[in-house]
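# Report on the structure
The primary structure of each chain is shown beneath.
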Number of protein chains: 4
Amino acid sequence: MEQQKIDEFNHQHIKDHQRKFDFVAEDVNKLDDVLQKLQAFNIAIPSWALGTGGTRFGRFSGGGEPRNLEEKIADVGMIHALNRSSNSISLHIPWDIPKNANEIKALASGYGLHFDAVNSNTFQDQPGELSYKFGSLHHTDKAVRDQAIQHNIEVIKYGVELGSNALSVWLSDGSNFPGQLNFRKAFQNTLDSLQQIYAALPDDWKVWIEYKPFEPNFYSTTIADWGQSHLLASKLGKKALTLVDLGHHLPNTNIEQIVSLLLMEQKLAGFHFNDSKYGDDDLTVGSINPYQLFLIFNELVEGMDARGLNHATGIGWMIDASHNVKDPIEDLIQSVEAIKIAYAQALLVDTKALVDAQQNNDVAKAQEILQAAYRTDVRPLIAEARLRAGGALDPIGLYRSGGVRDSLIKQRGAKTVATGL
Amino acid sequence: MEQQKIDEFNHQHIKDHQRKFDFVAEDVNKLDDVLQKLQAFNIAIPSWALGTGGTRFGRFSGGGEPRNLEEKIADVGMIHALNRSSNSISLHIPWDIPKNANEIKALASGYGLHFDAVNSNTFQDQPGELSYKFGSLHHTDKAVRDQAIQHNIEVIKYGVELGSNALSVWLSDGSNFPGQLNFRKAFQNTLDSLQQIYAALPDDWKVWIEYKPFEPNFYSTTIADWGQSHLLASKLGKKALTLVDLGHHLPNTNIEQIVSLLLMEQKLAGFHFNDSKYGDDDLTVGSINPYQLFLIFNELVEGMDARGLNHATGIGWMIDASHNVKDPIEDLIQSVEAIKIAYAQALLVDTKALVDAQQNNDVAKAQEILQAAYRTDVRPLIAEARLRAGGALDPIGLYRSGGVRDSLIKQRGAKTVATGL
Amino acid sequence: MEQQKIDEFNHQHIKDHQRKFDFVAEDVNKLDDVLQKLQAFNIAIPSWALGTGGTRFGRFSGGGEPRNLEEKIADVGMIHALNRSSNSISLHIPWDIPKNANEIKALASGYGLHFDAVNSNTFQDQPGELSYKFGSLHHTDKAVRDQAIQHNIEVIKYGVELGSNALSVWLSDGSNFPGQLNFRKAFQNTLDSLQQIYAALPDDWKVWIEYKPFEPNFYSTTIADWGQSHLLASKLGKKALTLVDLGHHLPNTNIEQIVSLLLMEQKLAGFHFNDSKYGDDDLTVGSINPYQLFLIFNELVEGMDARGLNHATGIGWMIDASHNVKDPIEDLIQSVEAIKIAYAQALLVDTKALVDAQQNNDVAKAQEILQAAYRTDVRPLIAEARLRAGGALDPIGLYRSGGVRDSLIKQRGAKTVATGL
Amino acid sequence: MEQQKIDEFNHQHIKDHQRKFDFVAEDVNKLDDVLQKLQAFNIAIPSWALGTGGTRFGRFSGGGEPRNLEEKIADVGMIHALNRSSNSISLHIPWDIPKNANEIKALASGYGLHFDAVNSNTFQDQPGELSYKFGSLHHTDKAVRDQAIQHNIEVIKYGVELGSNALSVWLSDGSNFPGQLNFRKAFQNTLDSLQQIYAALPDDWKVWIEYKPFEPNFYSTTIADWGQSHLLASKLGKKALTLVDLGHHLPNTNIEQIVSLLLMEQKLAGFHFNDSKYGDDDLTVGSINPYQLFLIFNELVEGMDARGLNHATGIGWMIDASHNVKDPIEDLIQSVEAIKIAYAQALLVDTKALVDAQQNNDVAKAQEILQAAYRTDVRPLIAEARLRAGGALDPIGLYRSGGVRDSLIKQRGAKTVATGL
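Residues numbered from 1 in each chain as written. Chains lettered and ligands numbered in written order. Predicted model: local features only at pLDDT ≥ 70, side-chain atom pairs only at ≥ 80, totals over all residues.

### Quick look at the overall build of chain A
- In terms of helices and strands, chain A carries 15 helices and 13 strands.
- Oriented by its inertia axes, the alpha-carbon framework of chain A measures out at about 65 × 60 × 40 Å.
- Going through the 421 residues of chain A one by one, you find that 63% of them count as buried.
- Contacts in chain A between residues at least 24 apart in sequence constitute 79% of all its contacts with a sequence separation of at least 6. (Helix = DSSP H or I, 4+ residues; strand = E, 2+ residues; numbered from the N terminus. Buried ≥ 20, exposed ≤ 12 C-beta atoms within 10 Å, placed from the backbone. Contact = placed C-beta atoms within 7 Å.)

Structure (structure tokens):
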């Protein structure tokens, strides 16, 4: 996506944008501060998100999918060119092993991208290796645990080469039936394995421990909820933190409260953003319950400000969704937009008035304050921040009108299948 | 609330409003049509909603609660004066039995109010009567069923006198333990009872059958879901319809789909509006998941248009929430506002483009269309419609600045308890 | 599994069995009737259940899996030889297309097996055909709907040749995001498609319509709950019935009540048995909540008796689970055992006393009656019925001690993959 | 309940019992050990459980309810005389304040009863005190927190006088709407309040911290899940532990895993037993999912053995249910029976074989082992243990045949209302 195309597109739409921006800007306190924060705020794109996701019934490819890591980086580069909010990529090993780290870093850098957390994979078997059929870090067999530990250490090494500084660990370790597992031993094996991985972390690295209550066909998972992740992270030490994936909760869980408490405890690693209607649905961020997303950002802004954390860099931000019926690039643009909308709305909350209402238990007032921010149409603010950063006023609009997907299909073919899931 | 106060208040805020309205109006197609629909749209207030709700731990009265039906009507009258969207009241018998129907009608009429559906109560025991401990219309004992049937017939009579034209039936009939109930017999007893009530309906009346999956301490309810309510309504006949209470669903239920299908089947009676986080929480409408509310209104607008129904009168609209920690009047104003926001957003959906996107399975586009409408700040449209109807630009603002609650406390006392729940 | 091996095994365990059987038999009313009913009760095995199930993370094959339909029939034959309760097989087209129906029928017959309902598949794409990416019977494109209809009609033809008499339809038709689908049109397209399939049913055939609230990554399904399935079945006619899969419900659904009402309405097709902890987990029947299974059978026995239906043949019984970490044959034997235990317990309920307790609202007594039956160790009754039918006293015991899986691995190989899922 | 009546009753039923006991005993390893453990195992009865519970729709009294603490103690005494498994009573302050501790202790002692944990109440307002409308230990107003702290300290004093050694704290502190509460401050206020209460604990006392995800009408609770309770307990110190109430979990929570981990962390205080179908339903223990209860006891036995804890005294056991449609005494007897059945089944698990199966990932075998224990009819073992302890072979049978409730009604009246809930 050349800058010239973006500029032309913006030029066509600037008048309408200016009218909208001027209108909403009039009521925004500390407008420059808000715009600067919006500009600074980036969300990492995982390398596995550029292809169509697999479903229980097969994969319905959309065409033009990236065939290798280089093309995935190119796709993220284009997203970032359009929205100026996706300046990093999160690799999943072994789905995307860089052959030459320096070349890959240079390639990414050319798009303005760097490398976010690296993700290990001990939930899929590799040829010639021991099977993870019955788990990895929690396995009853020390040989399997050792293999999984070594894999994580290897992932750290790839990450160091790429300039990453965090290892993100998600396990599918669990059980399918009552009696299959001794919960206590499984937890202790997991802790022991993580301690060995922790010992291999460079000084400035973190390990992010994800939790998830269930997988299809499961009776238990060994890191099921924030409490179990937090217990592990506490025992491991300061470099270990809890990662929140929005889709990894039982029905009705109050996620915003968990976020607030993890921030309080200095144990919030960051987010895997998505949305869900039923289970772990990995839907586009903000497509099902955007108000919940806003409430989470309201806690984030409040809690990070209380601890003096930089919003953009204080914790990790990443999308983790599955794109089965939409063009993955459009889906990712929609997700980033939804995140920035929620963030912008949270920045508009009248914090002082809210603290007063809370102190006085003026519940109706507290709701008015939150909803006044939420009901504001903040899209022009985000567009303006994007414009100032060199992005497109309307990323999806330009992506579509520019016929990008068609070009990709011509270039890569209609039946490519992205590596990884 | 005198009109003069409202006019003064509006005069103070008109300039700011005009700026906002002009901005949003510029992008609205068929602006007059939208405004007329918003003006015509009213939501009934139940007579039991004006007092503080009871909780498991007692009632925490807020002061100035209405002490009788007359004062409840006055409260609804004031809400309607402020928002011009609450022109009817829904009575609950025996909590609010009008002593003299004509006088009550005249009183209500003075406030511009009429009487919506009447609600029977066979879930609380009355002195000297048979107990509903084990249910009412489904009871194993014919004498109890007969008593409950007679009560419903009596409620219809009250309704006829008041000019109402629908009976709303909600049962707490169910069981607490497996084995307690024969589900089939309970269903058939319920059907038989409803048939007798149905026979007593005047020609132009409807009976609305509410469903609910559980009460605290329950193992089953005899009208648990929309399917069971619909089965009863189908067997009863054309005057019987299914009432949807937003809080009466199992976790994750897709309510908007149910609404669409009931409309298709010409069996949607209307709504009891509220919101909920966990169970049947009876929270302020739109306080937890406003996007779901919008999606429901999107189905309503689409489905009612397809059947040629008038949005304002085609089905029944009522709030049914519990107000435990907020001033009930403020809570109701917030609920009405949330409903009208969702309705206005649904009116802004680009229907033609949506049909195209659906036909072409352009999922990303369909989402863009819905969210474009949802993300619009429609508050100025609603304020304008309210202004044109003689209401206040900011009902809660005026209610607070006018010190209405303080006046009510002076007039009625600080420790009054509203009749009914 | 030769009869001689079974007899030898039984001979070794007969003494212990006899002691246990005599003990429990002493308290069973109408012992012969119970034993005859247990003997007559068979549960169909789906042809896709003999191989290890796939998971999100790959397939972890257990070795010796059947490589074709003939070997699948052999596996079911062995299960039936062991437990004498699995005398039919349910084919899934196109996973298991019989090349020569007569030969397959003869093969099955040799094992004492016949063919249960046939299952269509319009959720996976076939080479050279239109894609089901956006659904099948509900599709916006008539050409896709027509293809799916033709497939179902073809499945009926296979079924006729095999002596089956029911078509089981499960759709993954739904949507992933709000706005993607017009619910009403999707429902009407589905109805229209089913009507065409219905018209192709032979006189003595049924069509079974399954419902399911969600798939991973879904926002809606077009046949989401029993109410939607029942609405379709009612509009289609007498040959259309609702199929209940135990795993296809939202959290906390009272399934036993649904079963009771569908029986009452003469619209219960039958069951897909499994168990689940979280979502649609497809776990071994009775492995998570065996009391719920008992409560369902309690409704079945009561409701079928009320309608004079033969328990064994009045509705359809099939297992539908996924076997990822267990030997599929062991898993199926465990499932059949759990079903028969629940059925036997339901047969032991003191019906007359229960009716009295219900009539008198003696809730504690009703619970005592149900739990008295449930707490009875009925395993010796089932073993006795199995013994009388020529099966093994302890099917899994014999399967393991006989080294059956090892033989299958020798014969078929360690890395075979069953056709189908 | 005189011992003579019990003995007569047992004499009538001894022959049948002996036959059943002999049968089941034959297969039980370490029979004496099992029987001794069953005899030693007692479950506390809360003082508020002897009366009919209130519902949203009123209270449906069953007659003969205890009118004061003395009569409640008498009721527990009778339950204990019948089942010899309820040798303690748990007081709730201020519902049941003993006027004279020594007299009350003597009275209880006469029935063989002592006093279990004492329960504070900061969820209901008391005349002349500050209101808990907006919470207690988490309140924004220090004066309210101080009042609640003082109440807890007072409850400890009552407990000391009665010989209790634990304070059980359950809070309804939470919020009804987003924005109402600052989660972090609410948590820190709660921690600070608990620290002051903790400081007032005698050396040999514990404080038990209960969690609960929601109340009707709630958006959040300040101690929502085990993780939050555990975080508080960890910060407080060794005397603080987490209490598990079975009904206080989101849908589908794996409670047995939580129990296992809390035991591992030496932070499991004990249990409030009940069962639930939907929300926090407070139903009779084992009435909805008895297998889950067994799985929990399986973890308890395994985990307590691993730590060398005495099953009967190592942690706290109490029933916490609501009795709305059953005679409370019958309900409690049913609950105790269900608990002892689950415990007995857990004692029968072949631990050594299970460890082997787990180590070898033999999942089918592990399930066989658990279900072999669960499917055993252990009622004769419990009856035998009861018999040896002087209780009745069939407590409910004797309670009913002895016409106990009728006597209580004659003595106390038909419309008494127990103090407390």
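### Topic: the sheet that holds strand β12 (residues 268-273) of chain B
Residue and element names in this part refer to chain B.
- Read across the open sheet, the six strands follow the order β6-β7-β9-β11-β12-β13; overall the sheet is parallel. Of all strands in the sheet, those with a lone pairing partner are β6 (118-119) and β13 (316-319), marking the two edges.
- Relative to β12, strand β11 (residues 240-245) runs parallel, the two being bridged by four bridges. Directly across from L243, in β12, lies its bridge partner G270. (Pairing = 2+ DSSP bridges.)

### Brief notes about helix α11 (residues 351-359) of chain D
All names here are of chain D.
- Those residues of α11 that sit buried are L354, A357 and Q358. The arc that holds every buried residue of α11, seen down its axis, measures 100°, which confines them to one face. Facing away from the buried side of α11 by more than 90 degrees, the exposed set consists of K352 and Q359.
- Lining the buried residues of α11 we find α12 (363-375).
- N361, located one to two residues past α11, shows a positive phi value of around 50°. (Arc of directions from axis to C-beta.)

### Remarks on unusual backbone geometry
- The residue after B:I93, namely B:P94, is reached through a cis peptide bond having omega 15°.
- With respect to the secondary-structure elements, B:P94 resides in the loop between β4 (88-90) and α4 (101-110).
- Phi angles above zero are rare outside glycine, and B:N252 is one such case at about 75°.
- Turning to its location among the elements, B:N252 is positioned in the loop between β11 and α8 (255-264).
- By the C-beta count within 10 Å, which is 16 here, B:N252 ends up partly exposed.
- Positive phi values are uncommon outside glycine, yet D:K30 reaches one of about 45°.
- Turning to its location among the elements, D:K30 is positioned in the loop between α1 (3-25) and α2 (31-40).
- Assessed through the 10 C-beta atoms surrounding it within 10 Å, D:K30 is described here as exposed.

### What about the interface of chain B and chain A?
- Residue-level contacts link 25 residues of chain B with 25 residues of chain A.
- Those elements that provide at least two residues to the side of chain B that touches chain A are α9 (290-307), α10 (328-348) and α12 (363-374) of chain B.
- Classifying every residue of the side of chain B that touches chain A gives nine nonpolar, seven polar and nine charged. (Nonpolar A, V, L, I, M, F, W, Y, C, P; charged D, E, K, R; others polar.)

### Digging into the relation of the copies chain B and chain A
- Expressed as a screw operation, the relation of chain B to chain A combines 0.0 Å of axial shift with a rotation of 180°, fitting to an RMSD of 0.0 Å. Interpreted geometrically, this transformation is the action of a two-fold axis. Across chain B, the rotation axis passes nearest the C-alpha of B:D377, at a separation of 2.6 Å.
- Most of the interface of chain B is mirrored in chain A, where 100% of its interface residues again form contacts. (Least-squares fit on C-alpha atoms with pLDDT ≥ 70 in both.)

### Structural notes on the relation of the copies chain A and chain D
- When chain A is brought onto chain D, the operation consists of a screw motion whose angular component is 180° and whose axial shift is 0.0 Å, with 0.0 Å RMSD remaining.
- In this assembly the copies share their binding face: 100% of the residues contributing to the interface of chain A also contribute to that of chain D.

### Brief notes about the sheet that holds strand β5 (residues 114-115) of chain A
Residues and elements named next belong to chain A.
- Taken together, three strands build an open sheet; the order of strands is β1-β4-β5 and the sheet is parallel. Two strands close off the open sheet at either side, each with one partner strand: β1 (45-46) and β5.
- Where strand β4 (residues 88-90) and β5 come together, two bridges link them in parallel fashion. Residue pairing across strands places S88 opposite H114, the latter belonging to β5.

### Focus: the nonpolar core
- Judged by nonpolar contacts, the single largest core of 272 residues is most densely connected at C:L167, C:W208, D:L167 and D:W208.
- For D:L167, the residues in contact, after removing those within four places along its chain, are D:A117, D:V118, D:S120, D:N152, D:V155, D:I156, D:G159, D:L201, D:W205, D:V207 and D:W208.
- With 270 residues, the next largest nonpolar core counts A:L113, A:A233, A:A357 and B:I341 among its residues. (Core = buried A, V, L, I, M, F, W, Y, C linked by C-beta atoms within 7 Å.)

### Things to note about the packing of helix α8 (residues 255-264) of chain A against helix α9 (residues 290-307) of chain A
Residues and elements named next belong to chain A.
- Look at α8 against α9: their axes get within 9 Å of each other, and the N-to-C directions meet at 15°. Relative to α9, the element α8 lies roughly parallel. Every pair of crossing elements has a handedness; the one defined by α8 and α9 is right-handed. Judged by residue contacts, I255, E256, V259, S260, L263 and M264 of α8 engage Q292, L295, I296, E299, L300, G303, M304 and R307 from α9.
- Its residues assigned to classes, the contact of α8 with α9 shows eight nonpolar, three polar and three charged. (Axes fitted to C-alpha atoms, helices over the stretch in contact; angles between N-to-C directions. Parallel < 35°, antiparallel > 145°, perpendicular 65-115°, else oblique. Left-handed = near helix turned anticlockwise from the far one by under 90°.)

### A word on the interface of chain A and chain D
- Counting residues at the interface gives 40 residues for chain A and 40 residues for chain D.
- When contributions to the side of chain A that touches chain D are tallied by element, the ones reaching two or more residues are α6 (183-199), α7 (226-236), α8, α9, α11 (351-359) and α12 (363-375) of chain A.
- The dominant element in the side of chain A that touches chain D, judged by the number of residues it contributes, is α12(A), at five residues.
- A class-by-class count of the residues in the side of chain A that touches chain D yields 18 nonpolar, 19 polar and three charged.

### Focus on the pairing of strand β12 (residues 268-273) of chain A
Residue and element names in this part refer to chain A.
- In terms of burial, β12 is a largely internal element, six of the six residues being buried.
- Chirality of the crossover, the property in question, places the unit of strand β11 (residues 240-245), α8 and β12 among those that are right-handed.
- In terms of strand pairing, β12 meets strand β13 (residues 316-319) through four bridges, oriented parallel. Paired with F273 across the strands is I319, a residue of β13. (Right-handed = clockwise from strand over helix to strand, strands pointing away.)

### Quick look at helix α9 (residues 290-307) of chain D
All names here are of chain D.
- Between its first and last C-alpha, α9 extends 26 Å over 18 residues, near the 26 Å set by a 1.5 Å rise per residue.
- The buried fraction of α9 amounts to 13 of the 18 residues, a majority that puts the element mostly inside the structure.
- G308 sits one or two positions beyond α9 and adopts a positive phi of about 70°. (Expected span 1.5 Å × (residues − 1).)

### Concerning the confidence of the model for chain A
- Here chain A shows a mean pLDDT of 96. Residues at 70 or above account for 99%.
- Predicted complex metrics record ipTM = 0.97 and pTM = 0.98. (pLDDT = per-residue confidence, 0-100.)

### Side note on the packing of helix α2 (residues 31-40) of chain A against helix α13 (residues 379-388) of chain A
All names here are of chain A.
- Running from N to C, α2 and α13 cross one another at 65°; their axes reach a closest spacing of 9 Å. Considering the angle they form, α2 stands roughly perpendicular to α13. The interaxial crossing formed by α2 with α13 has right-handed handedness. Touching V34, L35, L38 and Q39 of α2 are L381, I382, E384, A385 and R388, all from α13.

### Considerations on the environment of B:F21
Residues and elements named next belong to chain B.
- Along the chain, the position of F21 falls in helix α1 (residues 3-25).
- F21 gets classed as buried once you count the C-beta atoms within 10 Å, which come to 22.
- Considered as a pair, F21 and D377 are 356 residues apart in the sequence and their alpha carbons are 10.0 Å apart.
- Dropping the residues within four chain positions of it, F21 is found in contact with P380, A383 and E384.

### Re the environment of D:T416
Residues and elements named next belong to chain D.
- Relative to the helices and strands, T416 resides in the segment after α15 (404-412).
- A count of 21 C-beta atoms within 10 Å places T416 in the buried class.
- In this view, T416 contacts G64, E65 and R67; residues no more than four positions away in its chain are not counted.

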